[in-house]
Amino acid sequence: MKYDCYENDTFNLYTIETNKFKSVHVEVVFRTPATKENMTYLAILVDQLLENSKKYPTRKLFARKLADLYNANIYASNTRVGGMIISNFILDFLDPKYTSKEMLDESIELLFDVILNPNVDVGEFEEKTFERLKDNLKKEIESLKEDPKQSSILEALGRVSKDDIRSLNSCGDMDVLQGITPKKLYSFYQNFLENSMKDVYIIGNLDMKQVDKAVRRYAKFKSISHKKDKVYLEDLKVKSLKDAARESELSQTNLVQVYSLIDLTQKELDYVMPLFNMIVGSGSLESKIYKALRGENSLCYNVTTFYQKYDKTLLLHTAIDDSSTKLALKLIKGCFNDMTKGNISDEELESVKNMMISSLYLILDSPNRLVDMYLFKNIARLPDIEARIDAIREVKKSDLVNLAKKIKLTLTYRVRGNR
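Residues numbered from 1 in each chain as written. Predicted model: local features only at pLDDT ≥ 70, side-chain atom pairs only at ≥ 80, totals over all residues. Heavy atoms only, no water.

## A few points about the state of the cysteines
Note: disulfide means a covalent bond formed between the sulfur atoms of two cysteine side chains. Note the cut-off: Any cysteine sulfur atom paired with another within 2.5 Å is treated as part of a disulfide. When a residue's accessible area, from a 1.4 Å probe over protein chains only, is under 20% of the maximum for its type it is buried; when over 50% it is exposed; and in between it is partly exposed.
Across all of its chains, the model carries zero disulfides by this definition. With no disulfide partner, cysteine 300 has as its closest neighbouring cysteine sulfur the one in cysteine 335, 11 Å distant. Cysteine 335 sits in the buried class, given a relative accessible area of 5%.

Take a look at the structure:
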């Protein structure tokens, strides 16, 4: 696997040359500051761009072109990572050696046609498509209320700090969405192209010098942004412990806890905290909290902790009978106390190390995860896999104990069930 970088005027092209896959994987990656306005506009923008383009103004014509390229696939996603939104426009197509020499050029041309040549007339997006997509996004935002787990977590984060970006709905904000028009969306799109950081990643068994020529031919970006990425958010510091609750029509109580991670070192963020999370919660049947709540006391079906590295938070969620709340909180506190006291067996630590190392090796089998690995190598200075594995193996029980002392419970929040 050969990694290289081709510097261009307005973007960098990162290439991963490998014969491991029979297809070619391309990602055009934009990085934008995380705000509720940007999140909402981007949620509808990526769908708008993928519907059609000026050259292929209907979904039928666009789909037919993809079929002509041996069923190439173009899709996109938005992901908030700390203080930024990562927007990926992704193209997968069959390795040209199985098809034709023109396949590479035509496929890359189509991807950038989607991004840079949208279906716009007189300074605004085509209205009929826009209104349909806007209505779909409204329904998606509203549907979050029907997901007790996700809605309770976002509510809890909102209670910790009002308007904190940690509590952003990934689909966007309803009030912002209501004010978006085809003209405003096009204006946002122009600013997005102008001010976002952008790079291109490509994986395949290709002549990467030829790839660079093809990408430069179609990636006609007009500007380069010099803004610095805000990858990590500031520590979530709250002066006093908070507890909050609200009533609901649910049968069970959704219990959420928000933990702040204060003054963690880079080693703790990258290696110690992921191992800590796997031992304490993380959805594993062998985790301390799962065993305490489910295995020994049958209080819930599932309990999970989520380590949000770039948010510097640890979240816990479970659904229980409201009458079991006191016992559940006592058991959870006991599990964290166990970590502080060093009640961690050598077998527990070795097991989660092996699980984390196995997960790293799986990156090599997924083009999407490979791009993520190199992206975060560039923006967050993550080391190569082998260096990360060495660092994981070096984590000691004392590192977990020291880390446990830096984890502070910030909020316990309940969406109370009525049973």
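So that's the structure; there's more coming.
## Some remarks on a nonpolar patch on the surface
Stated precisely, the cut-off is as follows: Each patch groups residues whose relative accessible area exceeds 30% and which form no salt bridge, using 9 Å between like charges and 5 Å between nonpolar side chains of Val, Leu, Ile, Met, Phe, Trp and Tyr. Surface exposure here means Shrake-Rupley accessible area, sampled with a 1.4 Å probe, where a residue is shielded only by the protein chains that are shown. Salt bridge criterion: a side-chain nitrogen from Lys or Arg within 4 Å of a carboxyl oxygen from Asp or Glu. Each helix is a run of DSSP H or I of at least 4 residues and each strand a run of E of at least 2, with the numbering of both proceeding from the N terminus.
Taken together, Tyr70, Leu94 and Tyr98 make up a surface patch of nonpolar side chains, about 310 Å² in accessible area. Tracing the sequence through the fold places tyrosine 98 in the loop between strand S5 (84-94) and helix H3 (102-116). Tyrosine 98 sits in the partly exposed class, given a relative accessible area of 46%.

## Here we look at the packing of aromatic side chains
Each aromatic ring pair is specified by the distance between its two centres and by the angle formed by the two planes. Under the convention used in this document: Here a pair means two rings of Phe, Tyr or Trp (six-membered ring of Trp) with centres within 6.5 Å. Their orientation is stacked below 30 degrees between planes, edge-to-face above 60, and tilted elsewhere.
One pass over the full model with this rule turns up 17 aromatic pairs. Ring centres of phenylalanine 11 and phenylalanine 221 lie 5.9 Å apart, and the angle between their planes is 75°; this geometry places the pair in the edge-to-face category. Residue phenylalanine 11 is located in the loop between strand S1 (2-7) and strand S2 (12-17), and its partner phenylalanine 221 is located in the loop between helix H8 (208-218) and strand S9 (242-247); the two are separated by 210 residues in the primary sequence. When the centroid spacing of 5.7 Å and the interplanar angle of 85° are considered together, the rings of phenylalanine 30 and phenylalanine 89 count as edge-to-face. Taken as a pair, phenylalanine 30 in strand S3 (residues 23-33) and phenylalanine 89 in strand S5 lie far apart in primary sequence, 59 residues in all.

## Brief notes about the pairing of S2
Using the following cut-off: Two strands pair if DSSP finds at least two bridges between them.
In terms of burial, S2 is a largely internal element, five of the six residues being buried. Inspection of the sheet shows S1 paired to S2 by six bridges, in the antiparallel sense. When the sheet's bridge partners are listed, lysine 2 is paired in S2 with glutamate 17. Pairing of S2 with strand S8 (residues 197-204), which is carried by six bridges, proceeds in the parallel orientation. In the sheet register, leucine 13 faces S8, and the bridge partner there is valine 200.

## A few points about the packing of helix H9 (residues 266-280) against helix H15 (residues 397-404)
Just so we agree on the cut-off: Structural elements are reduced to axes, namely lines fitted to C-alpha atoms, with helices fitted over the stretch in contact, and the angle between N-to-C directions of any two is expressed from 0 to 180 degrees. Angle categories: roughly parallel below 35 degrees, roughly antiparallel above 145, roughly perpendicular from 65 to 115, and oblique for all the rest. We call two residues contacting when some pair of their heavy atoms lies within 4.5 Å. When residues are grouped by polarity, Ala, Val, Leu, Ile, Met, Phe, Trp, Tyr, Cys and Pro land in nonpolar, Asp, Glu, Lys and Arg in charged, and all others, Gly among them, in polar.
Look at H9 against H15: their axes get within 10 Å of each other, and the N-to-C directions meet at 90°. The orientation of H9 relative to H15 falls into the category roughly perpendicular. Contacts between H9 and H15 involve Lys267, Glu268, Val272, Met273, Leu275, Phe276 and Ile279 on the former and, on the latter, Asp399, Leu400, Leu403 and Ala404. Along the lines of polarity and charge, the residues of the contact of H9 with H15 split into eight nonpolar, no polar and three charged.

## Some remarks on the sheet that holds S5
The strand order across the open sheet built from six strands is S1-S2-S8-S3-S5-S4, with neighbouring strands paired in mixed fashion. In the strand order of this sheet, the two ends are held by S1 and strand S4 (73-81), each with one partner. Each neighbouring strand pair of the sheet contributes to a mean axis angle of 20°, computed without reference to strand direction. In this structure, S3 lies alongside S8, joined through seven bridges in antiparallel fashion. The partner of valine 29 across the bridge, within S8, is aspartate 199. Strands S1, S2 and S8 of the sheet are contacted by H8, whose axis makes an angle of about 150° with S2. Each of S1, S2, S3, S4, S5 and S8 is contacted by helix H13 (residues 367-379), which is oriented at about 40° to S3, the strand it contacts most.

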